[in-house]
Amino acid sequence: MTSCSRRLAPGAVASDVLIRIRLPPRPTAPEVSILPRNCGDRRPGIALRWRHLRGLVPPVEAVGAGGAWERSPDGGEGEKEKVGACSYAIGDQRVEDLAASGGEFDRTAEIDRRKAVEVVVAAAVTVAFGVGNRVLYKLALVPLKHYPFFLAQLATFGYVIVYFSILYLRYHAGIVTDEMLSMPKAPFLAVGLLEALGAATGMAAGAILSGASIPILSQTFLVWQILLSVVFLGRRYRINQLLGCFLVAIGVIVTVASGSGAGHSLKEAGIFWSLLMIVSFLFQAADTVLKEVIFLNAAEKGTSVDLFVVNSFGSAFQALFICLLLPFLSKLWGVPFTQLPNYLKDGAACFLNIGRLSSGCDGAPLLPLLFVIVNMGFNISLLHLLKISSAVVSCLASTFSVPISVYLFTLPLPYLGVASSLPRGFVAGAVVLVLGLLIYSWTPTLGSSSSSPASPNL
């Protein structure tokens, strides 16, 4: 590809020009290049107007004399080749302007629509995996009801093997590059540490708190996401986005707490364990914001990071820290550390549904395997949504799966026995939650927006 870098002289063609723009340092505003693929001998050409990508790229205009042009394949005399379009690159986006049209074009709205559709589809997939993750976790604990700690470790260490296997295949397919693999490992070490701390504190508090109170306390995760995004990413949110997040949290609390006695159980558990659970969600929120920082830093440098690079190294360091915390974690689950080898052996026998324990392990290994597979899909989809949107959007998608899961547990699911009744305030809570999502997604007119463009809409 020939590169043109001449100044735009009077009467020159807009597509003869290489325009480079460098914005002030900002996580979501990398260097932007508008580079024509076809450069050569041209006749007075087209009229081109590229309006800025909302909030990311400043207005760029290059206007020619209008009309059509031809290009010689070798740039000199000889057979002329009709050229009907000129390609431009803006970041990693390809933009086509029809030279023969001689008019103006504006692809900003189209790119915005495609981006919005991509985020919505990714959010829907994340919600579906989130619902499956919650339901299958409950089903997986039917055969492994006496071995929940084994299931947790199976997921943790199984992910390391699976993620690195996928990473190996993607590397040989050319998707993952040496540059990605040579990235500094300190951020991934921090990701693993935060995930391990989140798991440890969550297990400690979850062993004391009731099942109904945990989803309520989990809504602090959204609060942590917003605060950490403001502090570490410099993100600003519109009033409607903050109100929407607040309503989403209220909707989930109403949905889960109605008729469950969650408030009473929180009082019984004591303030310490409630605060410890809140701290566990702080670690989890910091983990997702740190992953977003990894993606944004790569984008600033004009590169990209494959999802499985982040997942693989993050899971590996998490497994390392889990190993260091095993004496503490096993005690939380009521398994003395000295008895841990026998516990894991019995858990493996139940998981495989073999030996003397098989009589009480109906549903294994199918249900635990389904949970591990769906949980892995949930983690991948959540990270993909995080990459293309933000930590808050991914959190909202995950939160939306809570009331759907509550509803599914009222259906006659296999292995669960008698279905639970629907909480009295379920419909009211679901309405409030959906209203919160709609308010968060609403985009006011450009002139009245005061939020940072770094907050993508769901």
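In short, a report on the structure. (Residues numbered from 1 in each chain as written. Predicted model: local features only at pLDDT ≥ 70, side-chain atom pairs only at ≥ 80, totals over all residues. Heavy atoms only, no water.)

## Side note on the state of the cysteines
Thought 1: The tally for this structure, following the rule as stated, stands at one disulfide.
Thought 2: Put simply, C350 and C361 are joined by a disulfide, and their sulfur atoms are 2.0 Å apart. The sign of the S-S torsion, about -120 degrees, decides the handedness of the disulfide formed by C350 and C361: left-handed. Taken together, the residues span a long stretch of sequence, with C350 in helix α12 (residues 340-352) and C361 in the loop between α12 and α13 (366-388) at a distance of eleven residues.
Thought 3: In this structure C350 comes out as buried when scored by relative accessible area, which is 1%.
Thought 4: With no disulfide of its own, C395 lies closest to C245 among cysteine sulfurs, the gap being 7.7 Å. (Disulfide = S-S within 2.5 Å. Helix = DSSP H or I, 4+ residues; strand = E, 2+ residues; numbered from the N terminus. Buried < 20%, exposed > 50% of the residue type's maximum accessible area, 1.4 Å probe, protein only.)

## Regarding the environment of A200
Thought 1: The topology assignment puts A200 in helix α4 (residues 186-206).
Thought 2: Residue classification places A200 among the buried positions, given a relative accessible area of 5%.
Thought 3: If we ignore the near neighbours within four places in the chain, the residues touching A200 are L325, F328, L329 and L332. (Contact = heavy atoms within 4.5 Å.)

## Quick notes on the environment of F317
Thought 1: Following the sequence through the fold, F317 ends up in helix α10 (residues 307-324).
Thought 2: Apart from the residues within four sequence positions on either side, F317 is in contact with K185, F188, L189 and G192.

## Concerning the packing of aromatic side chains
Thought 1: In the structure shown here, the tally under the stated rule is ten aromatic pairs.
Thought 2: With a centroid separation of 5.8 Å and an interplanar angle of 45 degrees, the aromatic rings of Y159 and Y163 are classed as tilted. Here the residue Y159 and the residue Y163 both occupy positions in helix α2 (residues 148-172), the gap between them amounting to four residues, near one helical turn.
Thought 3: Y159 gets classed as buried once you look at its relative accessible area, which sits at 8%.
Thought 4: With relative accessibility at 1%, the residue Y163 sits in the buried group.
Thought 5: What links up through ring pairs into an aromatic cluster is the set Y147, F149 and Y343. (Phe/Tyr/Trp six-rings, centres within 6.5 Å; stacked < 30°, edge-to-face > 60°.)

## Thoughts on the side chain of T399
Thought 1: Mapped onto the elements, T399 comes out in helix α14 (residues 391-408).
Thought 2: When its relative accessible area of 8% is taken as the criterion, T399 is described as buried.
Thought 3: A polar side-chain atom of T399 sits 2.8 Å from the main-chain carbonyl oxygen of C395.
Thought 4: Those residues in contact with T399, other than ones at most four positions away along the chain, are Q219, V248, V252 and L433. (Polar contact = N/O pair within 3.5 Å; in protein donor to acceptor, adjacent residues only side chain to side chain.)

Scope: geometric values only; no functional claims are made or implied.
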